[in-house]
Amino acid sequence: MIKVLIPTLLLSFLAIAMVFGSISPAMADPGEEKSYKRHWAISIGDSEGTLEITQGTNLDDLKSKAISQEQATQGHDIDKAKLGKAVNSDGKYYLVWKLVEFTDSNTMTVYVLDAGTGDEITEPITKEGGSCGDKKSQSTRTSGDNA
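Residues numbered from 1 in each chain as written. Predicted model: local features only at pLDDT ≥ 70, side-chain atom pairs only at ≥ 80, totals over all residues. Heavy atoms only, no water.

A. How the structure looks around the overall build of the chain. Looking only at helices and strands, one finds three helices and seven strands in the chain. Moving toward the C terminus, one meets the helices and strands of the chain in the order α-β-β-α-α-β-β-β-β-β. Taken over 147 residues, the chain has a buried fraction of 27%. For the chain, the accessible surface area stands at approximately 10,500 Å², while carbon and sulfur atoms represent 55% of it. (Helix = DSSP H or I, 4+ residues; strand = E, 2+ residues; numbered from the N terminus. Buried < 20%, exposed > 50% of the residue type's maximum accessible area, 1.4 Å probe, protein only. Areas by Shrake-Rupley, 256 points an atom, 1.4 Å probe, with all protein chains shown as cover.)

What follows is the structure in structure tokens.
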């Protein structure tokens, strides 16, 4: 009985290890699939930035050339600021500052600034709603008021 039980358990263990061994790599590497945790590039239309991101760009070197967060947020009443990427209509990517202002529980305004100069690249973007299907609309800024 023991002579039959040990080889059967060993073969069962090996079969389970082979099944999980072949499934794990496929589940661990999502490849180019979309993910909610991925940071998407903001579309900036025909605009261009000063710090272009190319295939050979070292992002750490490029980020060191960006203006500081304090410089980027100066003159804006914002709740969140981070370096990100933007893409123009020619498919070129640029390093930008994304400044986010939450105006109420369902609306936020995103300011996109050139990471090299601090100049606004696009009009402020207003996002309304609180789910993955947010409504997006372009808004213009009026003097003295936040959009």
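B. Inspection of the nonpolar core at higher detail. Core analysis: the largest hydrophobic core is formed by 14 residues, its most contacted members being L51, A66, L95, W97, L99 and A115. For this core, the elements supplying multiple residues, two or more each, are β4 (93-104) and β5 (107-114). Sorting elements by how many residues they give to this core places β4 first, with three residues. By size, the runner-up hydrophobic cluster in this structure holds 10 residues, among which are I42, A86, V100 and I125. (Core = buried A, V, L, I, M, F, W, Y, C linked by side-chain atoms within 4.5 Å.)

C. Focus on a nonpolar patch on the surface. On the surface, L10, L11, F13 and L14 cluster together into a nonpolar patch covering about 440 Å² of accessible area. Looking at the element boundaries, L14 is found in helix α1 (residues 2-28). You can call L14 partly exposed: its relative accessible area is 42%. (Patch = residues over 30% accessible without salt bridge, like charges linked within 9 Å, V, L, I, M, F, W, Y side chains within 5 Å. Salt bridge = Lys/Arg side-chain N within 4 Å of Asp/Glu carboxyl O.)

D. Seen up close, the environment of V100. When you line up the elements, V100 lands in strand β4. Between the alpha carbons of V100 and P124 there is a distance of 9.7 Å; along the sequence they are 24 residues apart. Not counting chain neighbours up to four residues away, the residues in contact with V100 comprise I78, D79, K80, M108, T109 and V110. (Contact = heavy atoms within 4.5 Å.)

E. Quick look at the layout of surface pockets. When its volume is computed, the second largest pocket comes out at roughly 180 Å³. At the level of elements, α2 (59-64), β3 (80-87) and β4 are the ones that each hand at least two residues to the lining of the second largest pocket. Here the lining of the second largest pocket takes three residues from β3, the largest share from any one element. Residue classes in the lining of the second largest pocket are distributed as five nonpolar, one polar and two charged. (1 Å grid on protein atoms, 1.4 Å probe; cavity = no way out; pocket = protein on both sides within 12 Å on 5 of 7 lines; lining within 4 Å. Points joined across faces, edges and corners; volume = space filled by probe spheres on them. Nonpolar A, V, L, I, M, F, W, Y, C, P; charged D, E, K, R; others polar.)

F. Just the confidence of the model for the chain, in detail. With 73% of its residues at a pLDDT of at least 70, the chain reaches an overall mean of 77. A low-confidence stretch, residues 28-37 stays under pLDDT 50, and its non-local contacts, those more than four residues away or across chains, total five contacts. Here residues 133-147 is modelled with pLDDT under 50, and outside its nearest four sequence neighbours on either side it reaches 30 contacts, counting other chains as well. (pLDDT = per-residue confidence, 0-100.)

G. Molecular detail of the side chain of T122. One can find T122 in the loop between β5 and β6 (125-128). Contact partners of T122, with chain neighbours within four places excluded, come to S43, I44 and V112.

H. Structural detail: a negative patch on the surface. Taken together, the side chains of D46, E48, E52 and D90 make up a negatively charged region of the molecular surface. By the secondary structure assignment, D46 is in the loop between β1 (42-43) and β2 (52-53). (Lys, Arg positive; Asp, Glu negative; His and termini not counted. Charge placed at Lys NZ, Arg CZ, Asp CG, Glu CD.)

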